[in-house]
Amino acid sequence: MQLTALTTTLSRLQLQVPLPPDTTKRRAAEQTCLALLRTCHTLATLTRIHALILKLGLLHNPLVLTKFASTASDLDAIHYAASVTFLDDQNDETAPRPRAFHDAFLFNTFIRAFAQTTHAKPRALRFYRAMLRHAVSPNKFTFPFVLKACAGLASLPLGMAVHSAVVKFGFEEDIHVRNTMIHMYCCCEEGSKPNSAQKVFEESPDRDLVTWSAMIGGYARAGNSTRAVSLFREMQVTGMCPDEITMVLVLSACADLGALELGKWLESYVERKSITKSVTLCNAMIDMFAKCGDVDRAVKIFREMEMRTIVSWTSVIVGLAMHGRGLEAVSLFDEMVEQGVEPDNVAFVGVLFACSHSGLVDKGHYYFKTMENRFNIVPKIEHYGCMVDMLSRAGLVNEAVEFVRAMPIEPNQVIWRSIVTACNARGELRLGESMAKELIRSEPMHESNYVLLSNIYAKLMRWEKKTKVREMMDVKGMRKIPGSTMIEMNNEIYEFVAGDKSHDQYKEIYEMVEEMGKEIKRAGYVPTTSQVLLDIDEEDKEDALYRHSEKLAIAFALLSTPPGTPIRIVKNLRVCEDCHSATKFISKVYSREIVVRDRNRFHHFKNGLCSCGDFW
């Protein structure tokens, strides 16, 4: 009824003769257009209103044009609004400047609308430049939109230029401008230290919740999760109470660190402060608990949710997969489908990931076929990668190679590296060598290709060739990522690297490592010295193995916690074969449950066994 009435009104108005330039009648026409735009909900209606605006001679009326642009933005039709208004002819410097050209609010509407788009953010900056070209002064509402566009484009030079303009026009003290500037620098600066963002943050005379959240989020996105958590604690000291957005950011940082105790505290904090447990916040909690080693708690939160999204389901499926509970993961995927939740690309990556990490090869083939046959989802490179990884982990290296050669899309380097890694683990060293050389030819500046080839030569005991590969890396300025292990202890995060002596208790730690070595050898442990890829004697290789970062972290935990306390550690690389074997024996000898999160998955060691079933 409302749409019919609106259409009738428009039809009648469009048949009328254009109103004379009488102020009263022009104001009435203006109010009519504004009223029609307020009730406009379709693009078709918007085009009719546009025709009316032209007929009434209101094309250059800033109030009407601003509402027209705002309505178009709400209808995801800002491109249409830009193309049919005078602003589309903004490069004609000789054209007369209508009154609308002098309206900052109108320009802000277009800048904001384009800044919020996915692919048209550069147009926001074009409108900003047009605004300056026509001598329209930006106001405090202009710069947050322009800075948001710079953040979306991740363009540091553009962001710095806009920062200069902020200072020039005198808005550097405005808290909303500063908050967006922090966000912009966090998005544009590379590395784990957004220094410019930190500088703006520290120089802010006033900080609200958005200020703190922007900086915490910046550190979390940059991978500097330790600093993100530290900043959150600083925020609490000031008495600032976090909201849902802040908690999601801190939970993300907590998940990255694998800090379970902090995660539990955050969950209780949400309850104590009655922070709204939205779907997004619950999803963040699920992800955090799964990545911090308590997947049962993640499942419990999932089951308690009144409303779930596809992200909720996928987070739990991937969480179970990471913990080696593949059968539960695929069962949950089937439950999701039965409840009428349509799986998407990401959900299929999750279930294939579960099959890969639990050796469920037949299941993996079934779901891969189901994607296209039942759900009409064309497999992407990520799905093919999961299949190759699944076959490789199951030791089916030749089948994995055949699968890759039969792929209808070009395999990427990640897939080939997955096969080379499998070749190394399964003793197919000659095949691995040829593939690693091909990887280096196609990606000469990717350091992991050289590391793979170097490791293969070490296993073949071809030390001269290994040395030559390392020398090539040095010439190209490449460095192997050092292995490190983090452990949460007494609300602090401690990090160890191989041979680390930076800890205050390093002498006691090394004494404990030596004791561990003796005890697990008595229990039957045999060092896997083939994992030491150095041309040294066997005794030195054993010493090198004992200095691995995860063994140091476990020794520290044994010294610092009461008997029977579970030990949880996070490793930045894949756990090596020797550490995997040693940790199984340590769990048995010292009667400890040891949870290790490496780059690929979780390993739950208990009574000399591991949850991965050695599919690591």
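What counts, and where the lines are drawn
- Residues numbered from 1 in each chain as written.
- Predicted model: local features only at pLDDT ≥ 70, side-chain atom pairs only at ≥ 80, totals over all residues.
- Heavy atoms only, no water.
- Helix = DSSP H or I, 4+ residues; strand = E, 2+ residues; numbered from the N terminus.
- Buried < 20%, exposed > 50% of the residue type's maximum accessible area, 1.4 Å probe, protein only.
- Contact = heavy atoms within 4.5 Å.
- Areas by Shrake-Rupley, 256 points an atom, 1.4 Å probe, with all protein chains shown as cover.
- Pairing = 2+ DSSP bridges.
- Axes fitted to C-alpha atoms, helices over the stretch in contact; angles between N-to-C directions.
- UniProt positions renumbered as here; feature names shortened; annotations may be inferred.
- Core = buried A, V, L, I, M, F, W, Y, C linked by side-chain atoms within 4.5 Å.
- Parallel < 35°, antiparallel > 145°, perpendicular 65-115°, else oblique.
- Left-handed = near helix turned anticlockwise from the far one by under 90°.
- Nonpolar A, V, L, I, M, F, W, Y, C, P; charged D, E, K, R; others polar.
- Polar contact = N/O pair within 3.5 Å; in protein donor to acceptor, adjacent residues only side chain to side chain.
- Phe/Tyr/Trp six-rings, centres within 6.5 Å; stacked < 30°, edge-to-face > 60°.
- Lys NZ or Arg CZ within 6 Å of the ring centre and 35° of its normal.
- Salt bridge = Lys/Arg side-chain N within 4 Å of Asp/Glu carboxyl O.

**Student:** Tell me what's going on with the overall build of the protein, and back it up with residues and numbers.
**Tutor:** A count of helices and strands for the protein gives 31 helices and six strands. Considering the protein as a whole, with its 616 residues, one finds that 50% of them fall into the buried category. Sequence separation of 24 or more characterises 64% of the internal contacts of the protein that already satisfy a separation of 6 or more. Total accessible area computed for the protein in this model is approximately 29400 Å², and 53% of it derives from carbon and sulfur atoms.

**Student:** Tell me about the sheet that holds strand E3 (residues 567–571), residues and numbers included.
**Tutor:** On the basis of which strands lie adjacent, the open sheet formed by six strands has the order E2-E1-E3-E4-E5-E6 and mixed pairing. Strands with a single pairing partner mark the edges of an open sheet, and in this sheet they are strand E2 (492–497) and strand E6 (609–610). Bridge count for strand E4 (residues 594–597) against strand E5 (residues 602–606) is four bridges, and the pairing is antiparallel. If you follow valine 596 over to E5, its bridge partner there is histidine 603. Running over the sheet, helix H30 (residues 549–560) touches strand E1 (484–489), E2, E3 and E4 and is turned about 15° from E1.

**Student:** Kindly report on the UniProt feature "repeat: PPR" (unreviewed entry) in the protein, identifying the contributing residues and their values.
**Tutor:** Those places that UniProt annotates as "repeat: PPR" (unreviewed entry) correspond, in this numbering, to residues 103–138, 208–242, 278–308 and 309–343. Secondary structure within residues 208–242 divides into 74% helix and 0% strand; the distance between the first and last C-alpha atoms comes to 10 Å.

**Student:** Summarise unusual backbone geometry; cite the residues concerned and give the values.
**Tutor:** Despite not being glycine, alanine 154 has its phi angle at roughly 55°, a positive value. For alanine 154, the position within the fold is in the loop between helix H8 (142–153) and helix H9 (156–168).

**Student:** Residues and numbers for the nonpolar core, please.
**Tutor:** Counting 156 residues, the largest nonpolar core has Phe110, Phe333 and Ile419 as the members making the most contacts within it. The dominant element in this core, judged by the number of residues it contributes, is helix H16 (residues 279–291), at nine residues. When residues no more than four places from it in sequence are discounted, the contact partners of isoleucine 419 are Val388, Ser392, Val397, Ala400, Val401, Val404 and Met435. If you look at the next biggest cluster of nonpolar residues, it comprises 27 residues, including Phe496, Ile509, Ala557 and Val596.

**Student:** Please provide a residue-by-residue account of the packing of helix H11 (residues 195–202) against helix H12 (residues 209–221), values included.
**Tutor:** Working note: a packed helix pair is described by the angle between its axes plus the distance between those axes. Packing of H11 against H12 brings their axes to within 11 Å, and their N-to-C directions diverge by 160°. With respect to H12, the axis of H11 lies roughly antiparallel. Considering the relative orientation of H11 and H12, their crossing is left-handed. Along its contact with H11, which presents Ala197, Gln198 and Phe201, the element H12 presents Thr211, Trp212, Met215 and Tyr219. Partitioned by chemical class, the residues of the contact of H11 with H12 number five nonpolar, two polar and no charged.

**Student:** Tell me what's going on with the side chain of histidine 603, and back it up with residues and numbers.
**Tutor:** Looking at where histidine 603 falls in the secondary structure, it is placed in strand E5. Judged by its relative accessible area of 0%, histidine 603 falls in the buried class. Here aspartate 598 takes part through its side chain, which lies 3.3 Å from a polar atom of the side chain of histidine 603.

**Student:** I'd like a description of the packing of aromatic side chains, backed by residues and values.
**Tutor:** Under the criterion given, the structure shown has 21 aromatic pairs. Here phenylalanine 143 and phenylalanine 171 contribute two aromatic rings whose centre-to-centre distance is 5.9 Å and whose plane-to-plane angle is 50°, an arrangement assigned as tilted. On the criterion of sequence distance, the pair formed by phenylalanine 143 in helix H8 and phenylalanine 171 in the loop between H9 and helix H10 (175–188) is long-range, its members being 28 residues apart. Residue classification places phenylalanine 143 among the buried positions, given a relative accessible area of 0%. Counting every residue linked through ring pairs, the aromatic cluster contains Phe333, Phe348, Tyr366, Tyr367 and Phe375. Here the basic side chain of arginine 308 rests over the ring of phenylalanine 302, its NZ or CZ set 4.3 Å away from the ring centre. Geometry around tyrosine 510 places lysine 501 over its ring, the cationic atom sitting 5.9 Å from the centre.

**Student:** Just give me the short version of the pattern of salt bridges, but keep the residues and values in it.
**Tutor:** One pass over the structure, following the stated rule, counts 20 salt bridges. Across the pair arginine 417 and glutamate 443 runs a salt bridge whose closest N-O atoms are separated by 2.7 Å. Taken together, the positions of arginine 417 in helix H24 (residues 413–426) and glutamate 443 in the loop between helix H25 (429–442) and helix H26 (447–459) put the pair 26 residues apart, joining distant regions of the chain. Since its relative accessible area comes to 12%, arginine 417 is described here as buried. With a closest N to O distance of 3.2 Å, glutamate 550 and lysine 571 form a salt bridge. Linking glutamate 550 in helix H30 with lysine 571 in strand E3, this pair joins segments that are 21 residues apart in sequence. The exposure class of glutamate 550 is buried, given its relative accessible area of 3%. The class for lysine 571 is buried, based on a relative accessible area of 9%.

**Student:** Run through the packing of helix H4 (residues 62–74) against helix H6 (residues 104–115), naming residues and quoting values.
**Tutor:** With their axes 9 Å apart at the nearest point, H4 and H6 run at an angle of 10° to one another. As far as their axial angle goes, H6 and H4 are roughly parallel. Residues Leu65, Thr66, Ala69, Ser70 and Ser73 of H4 touch H6, and the partners they reach there are Phe105, Leu106, Thr109, Phe110, Arg112 and Ala113. For the contact of H4 with H6, the residue count by class is six nonpolar, four polar and one charged.

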